[in-house]
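Residue-level listing of the chains:
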Amino acid sequence: MAPENTPRTSADGSAKTFLFSCLVCRQRKVRCDRVQPCGNCARANVECEYVMPVRGRRTRSKPVRETMHAKLRRYEDMLKTRGLEVGVEERRSMARAISEDGASESYTATESITSLSVPTPTTRAEAASPPMGLRSALVGTPGSGPNVVNVEGNSRYYDNSTLWTDTNGEFRHPDEFTPLSDDDEDETDLFLGSSSLNCGFNGSLRDCHPTLHCLYALKDVYMDRVDPLMKIIHLPTFWESVRDAAERKEQVSKPIEAVIFCFYFATISVVDEKQCEALFKESKRTMFSRYRAIARHALRQARLLSTSSPMTLRAFCLFMMGMRGTMPYESQHILCGIALRLAQKMGLHRDGTLLGLSLFETEMRRRLWWYIAHLDFRTSDLLGAKPSLDIHTGDAGVPWNVEDEDLQPSMTEVPKDRKAITSITMCLVRCDLSKSLQRLSGMAGTSAASWGDIGTASNMSAAEKDALIDGLEDKFETKYLRYCDPSRPLDVLVTCMMRAAICNTRLFAHNPRRFADSGGQVTEAERGVAFSSAAKLLEYASMVGENRSLRKFAWRLNPTYLWDKMLFVLIEARRRTRSPDLDRVWALIGRVFSQYPDAFGQASAQAVYQALSKWTLEVWDGYVAAKKAEGMPEPEEPAYIGAMREKLEMATPAKARKEQGVGNTSIMNTGPEKTQEVPLNAECFGEFPDLGSFEMDLDQWVNWEQLVSEQSGSGFYHVEGY
């Protein structure tokens, strides 16, 4: 008999055919004519290779069938052990349910299942109530309640007690009876997109690991730039898995494989062009496209949408982090919703101590849950939507302020919190901010709060808000800031972010938008708080922008949050023409404009830049006029004011030419590195209202927020912000 990988010759001897499809057609899941070369490969001009499948058709051993009556008797015995008697009607309803259920076969557990439940008290009257069918009878039985089932790294949480959670692991959930087929269409492509063969990925993940030199370089980059701001992986244990797969070429599980390749993809996304070429000898664009396709394939292999593995969810979070800036906010928001639902399915919103989990697993679940909750909050805020209330309905505790070396999978004692700024500190700050926002908005238990709710929806007085914010500031000072080491870039970044978070909270608590609601009748003290907070936010942004050691964290910081702050400063600067602080403010505005050119002037943000330019020139001219009226020398015009004025002068004749039918024009955005042609809408400068209208007309704030939402969604991915 000829071997299976030997082609067969047809009767007329004209062509040789194989018993299986070629490798490329199998990967693309298309029909192959099984000749050498096949028609698909010939048309695509790729090498046609026939490799015999490693695994043949999968056969499933059928368990011993159990008759309906035997299963019914077993169910009755189970109910009797819980003090429940089943009558004739219940017996009939159970028989109908079993006969209609496709899972009428007995299941013999072959894996070690850990079923941990939290008892809920039941009254004696509830225990003695007559049964109302199998499903209803079990809801009030002793031992029912929240339950988590762990099977080989998978975690499935059940909030309500059902048949499948009260049998102590004897049965699996109905979802797990669904047969899995390698040929089934995977809906994951609907959300992640399909990988392309043009990126150099041939479908074999084992050969896609980088070289050892690149591998350890990626680890250093991740630890230095990503891990402190995205603490969802325990690096010591994770790195052993990476070495098993990449160095020792050992077989690892699909979830571990997914998180490894998403780790590669996320790290490559933060590497700059020069470093990428030095490591891989290829451009960043090429490496990004290749590992994006590989990461998608790994998530698809791990069955993302049906997964119960927290490790697969971590891989998905790394994938979303790597995809920042390459898809609209709306798509990012949908992906965050998927992550949130998967997290709830795994019970991450419930604290592991209540579910009987180990200390190590409890801590890692907390870190993952709060990171996903933060993503949902940020993407919702950017789209002007309410965050999901689900992020506040759980009881997941706050992570510990410890480093990875303080955690061990076999640990039995809670480690002592470090008195320092650690790699988890940013996560802890987000948790404290989230809880404070809920209290400030007055929406605890009813709705999830956003920044805007602090000033517009809260029924707290200004004094009460300030007292709560002062308490939060004192907590940050005593718990973190007092231990700041200025020689460590992470400490400097976290310090700036914490102080900026306090200023942002004060700014929204005294939101200038409320001035329009009250007809402009606002005290000068409240205006002063808003002006001082907005100016400090610009100052902290300038400190971060001019610190070269913080540029490695630039991937996480998006300057679009400065748009609102710049508007707040200009509104108050318009009224404070005689303030001694204005000279410092004008210099600060110039530094921010020059340090963040991506937010002020690039093509994707032209509308916002044009509006801010018009208002900046308006306020500057008023400032100069006030100086002249007082008989003081005219202040020297900053360079950025002259650049704005020049663009305005270029826009005016462009509008006239457009009316004559000549067409649109553009301006040249010159910078130190390159000259870029930026399209300019000549009519934009005249369409924006005066700044004074923001203090009296609430609609102007609505229009501004809509403009910011459209511009930020067109070219920015802003997860962190201040």
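Structure shown above.
The present account deals with the structure reproduced in this document.

Calculation rules
Numbering of residues begins from 1 in every chain and follows the order in which that chain's sequence is written. Restriction of local features to residues with pLDDT of at least 70 applies here, the model being predicted, together with a cutoff of 80 or more for giving and counting side-chain atom pairs; totals for whole chains, interfaces and linings are based on all residues. Excluding hydrogens and water, the side-chain values take into account all heavy atoms of the structure. Under the DSSP-based scheme used, a helix requires at least four consecutive residues in state H or I and a strand at least two consecutive residues in state E, with every element numbered from the N terminus. Here's how the labels work: a residue is buried when its accessible area is under 20% of the maximum for its type, exposed when over 50%, partly exposed in between, all with a 1.4 Å probe on protein chains only. Two residues qualify as a contact provided that any one of their heavy atoms is within 4.5 Å of a heavy atom in the partner residue. All accessible-area figures derive from a Shrake-Rupley calculation using a 1.4 Å probe, and residue coverage is judged against the displayed protein chains alone. Think of it this way: a Phe, Tyr or Trp ring, Trp meaning its six-membered ring, pairs with another when their centres are within 6.5 Å, and the plane angle makes it stacked under 30 degrees, edge-to-face over 60, tilted otherwise. Should a side-chain nitrogen of Lys or Arg be within 4 Å of a carboxyl oxygen of Asp or Glu, the pair is scored as a salt bridge. Given the number of residues in a helix, its expected span is that number minus one, multiplied by 1.5 Å. Definition used in this section: a nonpolar core is a set of buried Ala, Val, Leu, Ile, Met, Phe, Trp, Tyr and Cys residues joined via side-chain atoms within 4.5 Å. Defined by distance alone, a disulfide is two cysteine sulfur atoms within 2.5 Å. Between N-to-C directions, angles cover 0 to 180 degrees, with each direction set by a line fitted to C-alpha atoms, over the stretch in contact for helices. Small angles under 35 degrees read as roughly parallel and large ones over 145 as roughly antiparallel, with 65 to 115 read as roughly perpendicular and the rest as oblique. Crossings are assigned a handedness: left-handed for a near helix turned anticlockwise from the far helix by less than a right angle, right-handed for a clockwise turn. Classification convention: Asp, Glu, Lys, Arg as charged; Ala, Val, Leu, Ile, Met, Phe, Trp, Tyr, Cys, Pro as nonpolar; all other residues, Gly among them, as polar.

## Side note on the overall build of the chain
Counting its regular elements, the chain contains 29 helices and 7 strands. The burial tally for the chain puts 49% of its 722 residues in the buried class. Here the contacts in the chain between residues at least 6 apart in sequence split such that 71% fall between residues at least 24 apart. Entry remark: accessible area of the chain is about 35000 Å², with carbon and sulfur atoms responsible for 50%.

## As for the environment of Ala626
As for its placement among the helices and strands, Ala626 is situated in helix 26 (residues 606-629). According to the relative accessible area criterion, Ala626 is buried, its value standing at 16%.

## Notes on unusual backbone geometry
The step from Gln36 to Pro37 runs through a cis peptide bond, and the omega angle for that step is -10 degrees. With respect to the element layout, Pro37 can be found in the loop between helix 1 (23-28) and helix 2 (39-44). Of note, Asn45 is a non-glycine position whose phi angle comes to about 60 degrees, a positive value. Structurally, Asn45 is set in the loop between helix 2 and helix 3 (68-81).

## Digging into the packing of aromatic side chains
In the structure shown here, the tally under the stated rule is 17 aromatic pairs. A centroid spacing of 6.0 Å and a plane angle of 40 degrees characterise the contact between Trp586 and Tyr623, whose relative ring orientation is tilted. Linking Trp586 in helix 25 (residues 582-595) with Tyr623 in helix 26, this pair joins segments that are 37 residues apart in sequence. What makes Trp586 buried here is its relative accessible area of 4%. An angle of 50 degrees between the planes, with centres 5.5 Å apart, marks the rings of Trp620 and Tyr623 as tilted. Placement of the pair is Trp620 and Tyr623 together in helix 26, with a separation of 3 residues, close to one helical turn. Note on Trp620: relative accessible area 4%, which makes it buried. Through pairs of rings, three or more aromatic residues link up here, namely Tyr216, Tyr222, Phe238, Trp239, Phe261, Phe263, Tyr264 and Tyr291.

## Some details on the pattern of salt bridges
Taken as a whole, this structure holds 29 salt bridges when the rule is applied. Residue Glu618 is joined to Lys614 by a salt bridge in which the shortest nitrogen-to-oxygen separation is 3.9 Å. You can see Glu618 and its partner Lys614 sitting in helix 26, 4 residues apart, about one turn around the helix. Take Glu618: its relative accessible area is 26%, and that puts it in the partly exposed class.

## Some details on helix 15 (residues 329-345)
The terminal C-alpha atoms of helix 15, which comprises 17 residues, lie 24 Å apart, in line with the 24 Å expected from a rise of 1.5 Å per residue. Of all the residues in helix 15, the buried ones are Tyr329, Gln332, Leu335, Cys336, Ile338, Ala339, Leu340, Leu342, Ala343 and Gln344.

## Thoughts on the nonpolar core
With 157 residues, the main nonpolar core has Tyr264, Leu313, Leu318, Ile589, Phe600 and Trp704 as its most contacted residues. Those residues in contact with Leu318 that sit more than four places away from it in its chain are Tyr222, Met230, Ile232, Ile233, Val259, Cys262, Phe263 and Ala266.

## Quick look at the state of the cysteines
Within the structure shown, the criterion is met by 0 disulfides. With no disulfide of its own, Cys214 has Cys276 as its nearest cysteine by sulfur position, at a separation of 9.0 Å. Of the residues examined, Cys214 reaches a relative accessible area of 5% and is grouped as buried. Cys317 provides the cysteine sulfur closest to Cys336, a residue in no disulfide bond, and the two sulfurs are 8.2 Å apart.

## Observations regarding the packing of helix 23 (residues 524-546) against helix 24 (residues 562-575)
Interaxial distance between helix 23 and helix 24 falls to 9 Å at its minimum, and their mutual angle equals 135 degrees. Classed by the angle they form, the pair helix 23 and helix 24 counts as oblique. For the pair helix 23 and helix 24, the sense of crossing is left-handed. Packed against helix 23, whose contacting residues are Glu524, Arg527, Phe531, Ala534, Ala535, Leu537, Leu538 and Ala541, the element helix 24 presents Leu562, Lys565, Met566, Phe568, Val569, Glu572, Ala573 and Arg575 at the interface. Each residue belonging to the contact of helix 23 with helix 24 can be placed in one class, and the counts come to 11 nonpolar, no polar and 5 charged.

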